[in-house]
Amino acid sequence: MSLVYNMAASCRWRCWRIYNFSENINLYNTYLLKCISTNLKCVKRFSDINVNRIPEVVVPFSNGRNLTLSTGKYARFADGCAVAELGDTSVMVTTVSKTKPSLSSFIPLVVDFRQKAAAAGRIPTNFLRRELGPTEKEILTSRLIDRSLRPLFPDGYYYETQVMCNLLAVDGVNDPDILSINAASAALSLSDIPWNGPIGAVRVGFCNNDVVINPTRKELSQSTLNLVVSATRHNLIVMLEAAAENILQQDFLKAIKSGVKECQNIVQSIQQLQKHYGKAKREFEPPVVPSEDIMEAVRSFSEMRLREIFRDHTHDKLSRDMAVSAVRTDVVDKLKHAFGEGVDVSTVTECFNRICKETFRSLVFEDNVRCDGRGMDELRNISCQVDLYKPLHGSSLFQRGQTQVFCTVALDSPESALKMDPVTMLTSGLKEKNFFIHYEFPPYATKETGRIGPIGRRELGHGALAEKGLHHVVPHDFPFTIRLTSEVLESNGSSSMATVCGGSLALMDAGVPISTPAAGVAIGLISRYTGNDTKHMDDYKLLTDILGIEDYMGDMDFKLAGTKKGITALQADIKIPGLPLKVVMEAVQQATDAKSRIIDIMNETINKTRKQRKENWPVSEKLDVPAHKRAKFLGHGGRNLKRLLVETGVQVTQLDDTVFSVFAPNQAAMDEAKELIEEFLAAEKEPELEFGGIYTAKIVEVRDIGVMVTLYTSMAPALLHNSQLDQRKVNHPSALGLEVGDELQVKYFGRDPVSGLMRLSRKVLQGPASAVLRNLGDKGSSV
């Protein structure tokens, strides 16, 4: 613990704290004198430290790196503010919460993470040269922070709260997302906002069979695991997020344990910072608790009927929801009749929702059977189809219970790769992605109406998770850009994991040589514990392949994707104040068994990549164009390339001086493009010029720097420079009396290897004849 805390603990007048937060040197001196008279030990402590130092803690990690958390310098009007530093990357997080509750029945928490280009010494590349809407990286990081903080807010705290993460500096070595989680934890702990933290967060890598804590960007590029662990005291896990290269289960569990252990150092340090510099937590008014009379009346009217509904295994999603809704409406009507019109409908509805949740959860323990009749580890019925529509490169339909996902694969040119923004490129080292997933969740998937607009945070997050699940089974050297589109047609739980399954089928149908099939499954949790003490959780049930209602009524949504060999992605959304390690270990094992069974079912439809390519498969070839023919191939202003794209859909990209990449959407388009290219390059047959040969050249233009000459009729004029006209120095061709139409002998020295221009000289011929004179004026014959 730093010297600042030792001093603050022993000094009853806390002069140091008063000075830092008031910046009033007179007040500081006053309390210092009182301190000297009452506690002489403080004098030496004050003389050993710099009075300009701000309150901070240094968190050491097992790999020798240190995380610094500080407060009291920036944004003092905010309820809480903290700065986290790792290496030369710094993030400031502020948090503010309103003092009046909102009308919502959930925690109105908003987390905004913004990447500032200035923090990386860059200027945004858009036309306004300023930060505009949030990027994909910013949204995903905001969700990461939100999922880490939300479970620890107390029940009934319905006050609008905003957490803003401001990137101060980025060094391109340490990713700021982990710093943002820890700084947000410190800011909430130091503030007067009620919150049951702190938490700590670390990134865990796995390099050369060793666990690496908070790996650098270079280390992460060599790691087979990218795991983010958020945990609170007593080794309770709050959030997990992972992408892996088919890592083995035992290595994955080892990484989780190491990450949770490292988080405890951060939690303890934030607790010390909070103890000496934190504000007292504000009192808040929880929602009005319904009277016992109303609660018991609602229970008597609804509990038995709800038990019948949840025990009726013939119900599907819609019929069950309609039955519960009918009971709710009937209970409200009966209570209005019993208590009069003055009864509060929202209070009755809240009571009904509580009893509904309690009944649903208790039946799982009583009957050991779920609401649809399945056992705890039983999968829903699964069916698969591939190659649904011929014009598509790849397609599949994956049905699991009442969750239905339609996936399509589109293969396009490398120029269609998804480009990253400058700051994301710096922090991730990724310039572009040639494989990405677009996930769509239309309103009709849940029998609702809604507005179709820009992609929401939820859709972006689910698509990113599915992309992690499939990224490492797709070959990195694939010659085309792959866009996998997933459209959820029906949803009753775990549509993101259904996207992994359907996406794997569609990729194999498209002929993409994936290393092995992948699948995903969601594990739920229903537990019993006292108060907020989730550490001693002994009575719980893990549910495999959860329904939407089990996700809503349960305590966890644990999504895991992978192959039969290992794990490729994980996302754990935990709704209770922390989860013991043993529960996480059991969930990983149960999910691993389930995904293997799902892959067996998928293999019955298609078990390996299609070997025979479809007729509409794209084609890519390389074309060598000599330097002197480039202009003819490209056309004036690139006109020929534009014509190729418009008429045939073929894209041409220059790879180097003489090599071009030609991409066609199919073989027919490539054949048509080749005919056009031959037409572009077609010309009268050029005579073969002999290196060192002497030819008769005709002057077609006189310039200041030389004369333009042709050796044969169809030849493009070539420059004979002044320096090559005569052995004497010539400033202008007129000095030699040269005019348009004159003929002269020149020696040919081949073409320039870079520009492709002819190299001609008249100067070397002003002496004894060294070769036979050649005349190409008519048919290119020699004389």
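Keep in mind that what you see is a predicted model, and the values were worked out from it rather than measured.

Definitions and limits used
- Each chain has its residues counted from 1, running along the sequence as written.
- Confidence filtering applies because this is a predicted model: local features only for residues at pLDDT of at least 70, side-chain atom pairs given and counted only at 80 or more, and all residues used for totals across whole chains, interfaces and linings.
- The basis for every side-chain value is the complete set of non-hydrogen atoms in the structure, without hydrogens or water.
- Only DSSP runs of H or I reaching four residues or more are called helices, and only runs of E reaching two or more are called strands; each is numbered from the N terminus.
- C-alpha atoms define the radius of gyration in this analysis, and the globule rule sets the expected value at 2.2 Å times the number of residues to the power 0.38.
- Buried means the residue's accessible area, taken with a 1.4 Å probe over protein chains only, is under 20% of the maximum for its type, while exposed means over 50%, and partly exposed covers the values in between.
- In this analysis, two residues are considered to be in contact whenever any of their non-hydrogen atoms come within 4.5 Å of each other.
- Here the Shrake-Rupley method, with its probe set to 1.4 Å, supplies the accessible areas, and only the displayed protein chains count as covering residues.
- Aromatic rings from Phe, Tyr and Trp, with only the six-membered ring used for Trp, were paired whenever their centres fell within 6.5 Å, and each pair was classed as stacked if the ring planes differed by under 30 degrees, edge-to-face if by over 60, and tilted otherwise.
- Following DSSP output, two strands are said to pair if at least two bridges run between them.
- Axes here mean lines fitted to C-alpha atoms, for a helix over just the part in contact, with angles spanning 0 to 180 degrees between N-to-C directions.
- Remark: nonpolar core denotes a set of buried residues (Ala, Val, Leu, Ile, Met, Phe, Trp, Tyr, Cys) joined through side-chain atoms within 4.5 Å.
- Roughly parallel means an angle under 35 degrees; roughly antiparallel means over 145; roughly perpendicular covers 65 to 115; every other angle is labelled oblique.
- Working rule for handedness: look at the near helix, and if it is turned counterclockwise from the far one by less than a right angle, call the crossing left-handed; if clockwise, right-handed.
- For this classification, the nonpolar set comprises Ala, Val, Leu, Ile, Met, Phe, Trp, Tyr, Cys and Pro, the charged set comprises Asp, Glu, Lys and Arg, and every other residue, Gly included, is treated as polar.
- Counting of polar contacts relies on pairs of N or O atoms within 3.5 Å, with two restrictions inside protein: one atom must be capable of donating a hydrogen and the other of accepting it, and residues adjacent in sequence are counted only when both atoms are side-chain atoms.
- Expected helix span is computed as 1.5 Å times (number of residues minus one).
- A pairing counts as a salt bridge when a side-chain nitrogen of Lys or Arg comes within 4 Å of a carboxyl oxygen of Asp or Glu.
- The pLDDT value expresses, per residue, how confident the predictor is, ranging between 0 and 100.

Caption draft 1: View of the overall build of the chain. Broken down by element type, the chain carries 19 helices and 30 strands. The C-alpha radius of gyration of the chain comes to 36 Å, more than 25% above the 28 Å expected for a compact globule of 783 residues. Its C-alpha atoms give the chain principal-axis dimensions of about 120 × 80 × 55 Å. Relative to its full complement of 783 residues, the chain shows a buried share of 51%. The long-range share in the chain, meaning contacts at least 24 apart out of those at least 6 apart in sequence, stands at 70%. On the chain, roughly 37,100 Å² of surface is accessible, and the fraction owed to carbon and sulfur atoms is 51%.

Caption draft 2: Structural context of the packing of aromatic side chains. Scanning the model with the defined rule gives 13 aromatic pairs in all. Ring plane angle 55 degrees and centroid distance 6.5 Å describe the contact between Phe153 and Trp195, whose orientation is recorded as tilted. Taken together, the residues Phe153 in the loop between helix H5 (136–149) and strand E6 (161–169) and Trp195 in the loop between helix H6 (176–190) and strand E7 (199–207) connect sequence positions 42 residues apart. According to the relative accessible area criterion, Phe153 is buried, its value standing at 4%. Given the relative accessible area of 7%, Trp195 is considered buried. Between Tyr389 and Phe406 the ring centres are 6.2 Å apart and the planes differ by 90 degrees, which places this aromatic pair in the edge-to-face class.

Caption draft 3: View of the sheet that holds strand E10 (residues 236–247). If you trace the eight strands from one edge of the open sheet to the other, you get E8-E7-E9-E10-E21-E20-E18-E19, paired in antiparallel fashion. For this open sheet the edge positions go to strand E8 (210–213) and strand E19 (539–544), each flanked by a neighbour on one side alone. Strand-to-strand, the axes of this sheet are offset by a mean angle of 20 degrees, without reference to chain direction. Pairing between strand E9 (residues 225–232) and E10: eight bridges, direction antiparallel. Its bridge partner lying in E10, Ala231 is registered against Ile237. In the packing of H5 onto the sheet, contacts are made with E7, E9, E10 and strand E21 (567–574), and the angle to E10 comes to roughly 140 degrees. With respect to the sheet, helix H16 (residues 581–603) is in contact with E10, strand E18 (519–528), E19, strand E20 (556–562) and E21, its orientation differing from that of E18 by roughly 145 degrees.

Caption draft 4: Inspection of the nonpolar core at higher detail. Counting 133 residues, the largest nonpolar core has Leu149, Leu227, Leu240, Phe252, Ile256 and Phe558 as the members making the most contacts within it. In this view, Phe252 contacts Leu225, Leu227, Ala242, Ile247, Ile567, Leu570 and Val588; residues no more than four positions away in its chain are not counted. Counting 32 residues, the second largest nonpolar core, distinct from the first, contains Ile294, Met295, Phe310 and Cys351.

Caption draft 5: Inspection of the sheet that holds strand E12 (residues 394–400) at higher detail. Read across the open sheet, the five strands follow the order E11-E12-E13-E17-E16; overall the sheet is mixed. Of all the strands in the sheet, the pair left with one neighbour each is strand E11 (382–386) and strand E16 (435–440). Across the sheet, the mean angle from the axis of one strand to that of its neighbour is 15 degrees, orientation sign disregarded. One ladder, built from five bridges, connects E11 with E12; its direction is antiparallel. Following the sheet pairing, Ile382 is matched in E12 by Arg400. Its contacts with the sheet place helix H13 (residues 457–471) against E16 and strand E17 (481–490), and it is angled at close to 140 degrees to E16. Lying on the sheet, helix H14 (residues 495–510) is in contact with E11, E12, strand E13 (403–412), E16 and E17; it crosses E12 at an angle near 145 degrees.

Caption draft 6: Molecular detail of the packing of H6 against helix H8 (residues 249–277). One can describe the packing of H6 onto H8 by two numbers: an axis separation of 9 Å at closest approach and a directional angle of 30 degrees. In this view, H6 runs roughly parallel relative to H8, as classed from their interaxial angle. At the point where H6 passes H8, the crossing takes the right-handed sense. Contacts between H6 and H8 pair Asn182, Ser185, Ala186, Ser189 and Leu190 from the former with Ile266, Ile270, Leu273, Gln274 and Tyr277 from the latter. A per-class count over the contact of H6 with H8 returns six nonpolar, four polar and no charged.

Caption draft 7: Region of the structure containing the environment of Lys419. You can see Lys419 is positioned in strand E14 (residues 418–419). Looking at Lys419, the relative accessible area reads 48%, which means it is partly exposed. Separated by 139 residues in sequence, Lys419 and Phe558 have C-alpha atoms that sit 31 Å apart. Among all residues touching Lys419, those that are not within four sequence positions of it are Lys431 and Glu432. Within the structure, Lys419 has its side chain in polar contact with the backbone oxygen of Glu415 (distance 3.3 Å).

Caption draft 8: Seen up close, H13. End to end, H13 covers 20 Å across 15 residues, agreeing with the expected 21 Å (1.5 Å per residue, within 8%). Within H13, eleven of the 15 residues are buried, which leaves it mostly tucked inside the rest of the structure. Taken together, the buried positions of H13 are Glu459, Leu460, Gly461, His462, Gly463, Ala464, Leu465, Ala466, Glu467, Gly469 and Leu470.

Caption draft 9: Spatial organisation of the pattern of salt bridges. Scanning the entire structure with this criterion turns up 47 salt bridges. Here Glu303 and Arg307 are joined by a salt bridge, their closest N and O atoms 3.9 Å apart. Taken as a pair, Glu303 and Arg307 lie in helix H9 (residues 292–311) at a separation of four residues, close to a single helical turn. Here Glu303 falls in the partly exposed class, since its relative accessible area comes to 22%. What makes Arg307 buried here is its relative accessible area of 14%.

Caption draft 10: Summary view of the confidence of the model for the chain. Taken residue by residue, the chain gives an average pLDDT of 87. The fraction at 70 or more is 90%. Across residues 1–33 the pLDDT falls below 50, and counting only partners more than four positions away or on other chains, this stretch makes 70 contacts in the model. Contacts of residues 778–783 to residues separated by more than four positions or lying in other chains number eight contacts, the stretch itself having pLDDT below 50.

Caption draft 11: Layout of the environment of Thr609. Position of Thr609 relative to the elements: it lies in the loop between H16 and strand E22 (619–624). Its relative accessible area of 13% is what places Thr609 among the buried residues. Sequence separation between Thr609 and Leu67 is 542 residues; the distance between their C-alpha atoms is 46 Å. Other than its neighbours up to four places away in sequence, Thr609 contacts Met508, Gly511, Val512, Pro513 and Ile514. Only 3.0 Å separates the side chain of Thr609 from the backbone oxygen of Val512, close enough to count as a polar contact.

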